[in-house]
Amino acid sequence: MKTSKYIPAGRTSEVQRRGLSLQVQTEYAERPAPRITTTILNAGQVLHKIERNLDKSIESLEEQARAEWSIKRQHAEILEIIEDSSRNLGVEIGGLTGISSRSLTIYDHLHSISGVQRVYRLDNEGNLIGGKNSESFRQAFGAVFKNLRELVDVFLRLPGVDIKREKGVFEVERDRLYVASAGTECYFIVVKRTNESISYEQAIKRAIGGKTAIGQGASDLSFD
């Protein structure tokens, strides 16, 4: 089997948990099946492995970039759980084996909301992930596209080495476009209301695990 030349960069961190110094490594592997694996070690001993299966091997620079953001997101999610000493590490980490199921990702939870037509992913600096997605969004929402960074800055940056933002939801266009932060990355959610009883703010908050919606409408932002 030929090995792909597109290898995304991995992530390595050391984190303290109840007096233990744990090593966390997240990386891409092509064999025996394409996947992203996070390994948690204590003094070299493997405690847990969490895997996200990929549909196929990485075959382009664009796919490599997307994989790198997936690695960064998965790594950050695991670190967040480990750093929270109030959570049961065995249960919580064990539950994250479900990351390998696409139906459990935030992206797919957002897509499953009634009336959601499209979901665009952004990094925490306001860059749309994927060249095709960027062009598609620019054509559909030209004025908003010019102010991506301003919109993302609605969610405050949290202190730390990696860029994390507070979680929340902001309604950009009434019953049409929302922007949400899941902490490690952001999303634009395009909707077309099919159910008058649904609250998109609440549904999106549940999908991203957010606690509060931080605003509605775009009256304070300029999209000229």
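Residues numbered from 1 in each chain as written. Predicted model: local features only at pLDDT ≥ 70, side-chain atom pairs only at ≥ 80, totals over all residues. Heavy atoms only, no water.

Caption draft 1: Region of interest: the overall build of the protein. A tally of regular secondary structure across the protein gives 7 helices and 11 strands. Burial statistics for the protein: of 224 residues in total, 45% are counted as buried. A total of about 11800 Å² of accessible surface is found on the protein, and carbon and sulfur atoms cover 47% of it. (Helix = DSSP H or I, 4+ residues; strand = E, 2+ residues; numbered from the N terminus. Buried < 20%, exposed > 50% of the residue type's maximum accessible area, 1.4 Å probe, protein only. Areas by Shrake-Rupley, 256 points an atom, 1.4 Å probe, with all protein chains shown as cover.)

Caption draft 2: Just the pattern of salt bridges, in detail. What the rule picks out here adds up to 10 salt bridges. Across the pair Glu63 and Lys56 runs a salt bridge, and its minimum N-O distance is 2.6 Å. With a relative accessible area of 40%, Lys56 lands in the partly exposed category. Bridged by salt links that share partners, the residues Lys56, Glu59 and Glu63 form one connected network. (Salt bridge = Lys/Arg side-chain N within 4 Å of Asp/Glu carboxyl O.)

Caption draft 3: The arrangement of the side chain of Ser181 in detail. Of note, Ser181 is situated in strand S9 (residues 177-181). A polar contact of 2.9 Å, which involves the side chain of Ser181, links it to the backbone oxygen of Glu166. From its side chain, Ser181 meets the backbone nitrogen of Gly183 in a polar contact 3.2 Å long. (Polar contact = N/O pair within 3.5 Å; in protein donor to acceptor, adjacent residues only side chain to side chain.)

Caption draft 4: Broad picture of the sheet that holds strand S1 (residues 11-17). The strand order across the open sheet built from 4 strands is S1-S2-S3-S4, with neighbouring strands paired in antiparallel fashion. Looking at strand neighbours, the two that pair on one side only are S1 and strand S4 (45-53), the edges of this open sheet. Pairwise comparison of adjacent strand axes, ignoring direction, gives a mean angle of 20° for this sheet. Pairing analysis gives 8 bridges linking strand S3 (residues 35-42) to S4, with the strands arranged antiparallel. Bridge pairing in S4 places Leu41 opposite Val46. (Pairing = 2+ DSSP bridges. Axes fitted to C-alpha atoms, helices over the stretch in contact; angles between N-to-C directions.)

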